[in-house]
Amino acid sequence: MFEKSINAYEDAKKVIPGGVDSPVRAFNSVGGTPPFIARGEGAYLIDIDGNKYLDFIQSWGPLIFGHCDKDIEEAVIRTVMDGLSFGAPSVLETELAREIVEMYDNLDKVRFVSSGTEATMSAIRLARGVTGKNDILKFEGCYHGHSDSLLVQAGSGMATFGTPSSPGVPADLTKHTLLCEYNNIENLKKCFEQSSDIACIIIEPIAGNMGFIPADIEFLKACREICDENNTLLIYDEVMTGFRTSLKGTSGIVEPQADIITFGKVIGAGMPVGAFASNKEIMAHLSPDGAVYQAGTLSGNPVAMAAGLTSLRKLKANPAIYDDLNAKAVRLTTGLKEVANKYNIPFQVNTRGSMFGFFFCDIDPKNFKEVGTCNFDRFATFHHGMLKRGFYFACSQYEAGFISTVMTNEDIDACIKAADEIMKDM
Ligand code: PMP
């Protein structure tokens, strides 16, 4: 069933490290061969062997309207006909920026970049430039892209300065990164006792990179308070959750608001885009208005702007989409949970808007360490069983899932039925 993908994978490995351009695609945590994708079609992916899968990844978030949405495709094609890139301003950038800031009370200006990694890296530089401080605080299990100072792992204990989690990152570069446990207020306070030089807290307010774990509201409030007390900026990394969990991302769901928000793939609807946004006082520090340097040849690429603009306008025109998406996410996770219960399999589920997650776990994990107690063998069995039956879930228990508007209740019910076949033999 996967012959062509197996050959394509072997071939790719000859010229691309590990055969992939982003490690998670290699299926390392569940084993086996990743299907090579030929095309998308609405809610489905079709691989080069002709297998068809209901796609719960949606390019890791961006495709809220599924694959090949006609409106987005038309906007992209129209824009392409006028040229691919100018390296000069275009009004599409202003239009997309305006759509974003109009949605938020606390955002005045947006700077576009080309990836989530760039968005968070630049947001941190801005926070350091504004506050004149050097340290940053991140949480264990939150992923903010692969820039040097964000690739850290825990030192000897929690609430410590991190050590590099990858060769190639000098310890000198991560010594300014404090690492703290997610959802742990005591730990957070300890970090601020250790350093009076913290420029920003960066957090996934709804984490999607250690599985799907929304932060406790009390924890986000504590982040907001401690930032206010210490002249530290709060950055919500909404690269994945922006326009996914609600029309205003996490900011539309929780009361504590951030000073800077980073966006990514979702605002590009499948084209390479990222952005960071804040109020006009903070953004005034950014070049060319201010001294904090940041730039990008392809930033604000017109084709990407056109795709994002069309997607955002469709969402704004029909905010009820989010209720529908969440209803489907709840239908899926409730159904999976019922199946797991039937076979006495410890299983935890969660949703926010169009995002969902599940863990094969006795407890409902609240942080990275607790995710480590999940059953990874069961996850791998589930993943491969579902893939063979035509359901494409993220290939790691450390990832989230996504619903698209083109998925039907029938699709979801078929998925639950397939899950029953697998779980009954677990
Ligand atoms: N922040 C978050 C929350 C992310 O989920 C990701 C990517 N999954 C990034 C940053 C990095 O984005 P990119 O892969 O576009 O560089």
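All figures in this text were calculated on a predicted structure; none of them were measured in a lab.

## Quick look at the domain arrangement of the chain
Link 1 in the chain: In terms of domains, the chain is made up of domain 1 (3-68 + 320-423) and domain 2 (70-317).
Link 2 in the chain: Spacing between the C-alpha centres of domain 1 and domain 2 amounts to 25 Å.
Link 3 in the chain: Among the secondary structure elements, those contributing two or more residues to the side of domain 1 that touches domain 2 are helix 10 (321-342), strand 16 (348-352), strand 17 (355-359) and helix 11 (368-371).
Link 4 in the chain: Considering each element in turn, the side of domain 1 that touches domain 2 owes the most residues, four residues, to strand 17.
Link 5 in the chain: For the side of domain 1 that touches domain 2, the per-class residue count stands at 16 nonpolar, eight polar and two charged.

## Examining the site of the ligand
Link 1 in the chain: Around the ligand, the structure places 17 residues, and the nearest of them are S115, G116, T117, G145 and V239.
Link 2 in the chain: A total of three residues in the shell around the ligand trace back to one element, the largest contributor, which is helix 4 (residues 116-131).
Link 3 in the chain: Here the residues of the shell around the ligand are counted per class, giving four nonpolar, 10 polar and three charged.

## Examining the sheet that holds strand 3 (residues 52-55)
Link 1 in the chain: Spatial strand order, 1-2-3-18: four strands in an open sheet with mixed pairing. Both edges of this open sheet fall to strand 1 (37-41) and strand 18 (391-392), since each of them pairs with a single strand only.
Link 2 in the chain: Here three bridges tie strand 2 (residues 44-47) to strand 3, and the two strands are oriented antiparallel to one another. By the bridge assignment for strand 3, Y44 is matched with L54.

## Brief notes about the pairing of strand 9 (residues 177-180)
Regular strands have side chains that alternate between both faces of the sheet.
Link 1 in the chain: Here strand 9 shows two buried faces, one formed by T177 and L179 and the other by L178 and C180.
Link 2 in the chain: Strand direction decides the pairing type here: strand 5 (residues 135-139) and strand 9, joined by four bridges, are parallel. The residue bridging K138 from the neighbouring strand is L179, located in strand 9.

## What about the UniProt feature "modified residue: N6-(pyridoxal phosphate)lysine" (unreviewed entry) in the chain?
Link 1 in the chain: Feature annotation in UniProt places "modified residue: N6-(pyridoxal phosphate)lysine" (unreviewed entry) on K265, given in this structure's numbering.
Link 2 in the chain: By the secondary structure assignment, K265 is in the loop between strand 14 (260-263) and strand 15 (274-278).
Link 3 in the chain: The residues contacting K265, other than those within four sequence positions of it, are S59, W60, G61, P62, G116, V239 and V273.

## Details of the nonpolar core
Link 1 in the chain: Core analysis: the biggest nonpolar cluster contains 124 residues, and A127, C200, I235, I260 and A275 have the highest contact counts within it.
Link 2 in the chain: Looking at which element gives the most residues to this core, the answer is helix 9 (residues 302-317), with eight residues.
Link 3 in the chain: If you count residues domain by domain, this core takes at least three from each of domain 1 (3-68 + 320-423) and domain 2 (70-317).
Link 4 in the chain: Not counting residues up to four positions away in its chain, the partners in contact with A127 are A199, C200, L233, I235 and I260.

## A short note on the packing of helix 2 (residues 70-80) against helix 9
Link 1 in the chain: Contact geometry for helix 2 and helix 9: axes closest at 8 Å, N-to-C directions at 150°. Here helix 2 is positioned roughly antiparallel relative to helix 9, judged by the angle of their axes. As for how helix 2 packs across helix 9, the hand of that crossing is right-handed. On the side of helix 2, the interface is formed by D71, I72, A75, V76, T79 and V80, while helix 9 contributes P302, V303, A306, A307, T310, S311 and K314.

## Structural notes on helix 10
Link 1 in the chain: Between its first and last C-alpha atoms helix 10 spans 32 Å; for 22 residues at 1.5 Å apiece the expected length is 32 Å, and the two agree.
Link 2 in the chain: Packed against the buried residues of helix 10 are strand 16, strand 17 and helix 13 (409-423).
Link 3 in the chain: Positive phi appears at N344, one or two residues downstream of helix 10, with a value of about 55°.

## Description of the pairing of strand 10 (residues 198-203)
Link 1 in the chain: Among the six residues of strand 10, six are classified as buried, and the element is accordingly described as predominantly covered.
Link 2 in the chain: Pairing analysis gives three bridges linking strand 5 to strand 10, with the strands arranged parallel. When the bridges of strand 10 are listed, L137 appears paired with I201.
Link 3 in the chain: Judged from the four bridges that link them, strand 10 and strand 13 (residues 233-237) form a sheet pairing that is parallel. Looking at strand 13, one finds that I203 is bridged to Y236.

## Quick look at the sheet that holds strand 19 (residues 401-402)
Strands pair in a sheet through their backbones, by hydrogen bonds, and they do so in one of two ways: parallel or antiparallel.
Link 1 in the chain: One open sheet accounts for three strands, arranged 16-17-19; its pairing is antiparallel. Two strands bound the open sheet, and with one partner strand each, they are strand 16 and strand 19.
Link 2 in the chain: In terms of strand pairing, strand 17 meets strand 19 through two bridges, oriented antiparallel. Of the residues in strand 19, the one forming a bridge with F356 is G401.

## As for unusual backbone geometry
Link 1 in the chain: A cis amide bond links S287 with the next residue in sequence, P288, at an omega value of 10°.
Link 2 in the chain: For P288, the location among the structural elements is in the loop between helix 8 (280-283) and helix 9.
Link 3 in the chain: Its identity as a non-glycine residue notwithstanding, F243 has a phi of 65°, on the positive side.
Link 4 in the chain: Locating F243 in the fold gives a position in the loop between strand 13 and strand 14.
Link 5 in the chain: Exposure remark for F243: the 28 C-beta atoms within 10 Å place this residue in the buried category.

## Observations regarding the confidence of the model for the chain
Link 1 in the chain: When pLDDT is averaged along the chain, the result is 96, and 98% of the positions lie at 70 or above.
Link 2 in the chain: Across the interface, the model reports ipTM at 0.99; the global pTM reads 0.97.

The rules behind these values
Residues numbered from 1 in each chain as written. Predicted model: local features only at pLDDT ≥ 70, side-chain atom pairs only at ≥ 80, totals over all residues. Domains from an automatic or database assignment. Helix = DSSP H or I, 4+ residues; strand = E, 2+ residues; numbered from the N terminus. Nonpolar A, V, L, I, M, F, W, Y, C, P; charged D, E, K, R; others polar. Near = placed C-beta within 6 Å. Pairing = 2+ DSSP bridges. Buried ≥ 20, exposed ≤ 12 C-beta atoms within 10 Å, placed from the backbone. UniProt positions renumbered as here; feature names shortened; annotations may be inferred. Contact = placed C-beta atoms within 7 Å. Core = buried A, V, L, I, M, F, W, Y, C linked by C-beta atoms within 7 Å. Axes fitted to C-alpha atoms, helices over the stretch in contact; angles between N-to-C directions. Parallel < 35°, antiparallel > 145°, perpendicular 65-115°, else oblique. Left-handed = near helix turned anticlockwise from the far one by under 90°. Expected span 1.5 Å × (residues − 1). pLDDT = per-residue confidence, 0-100.

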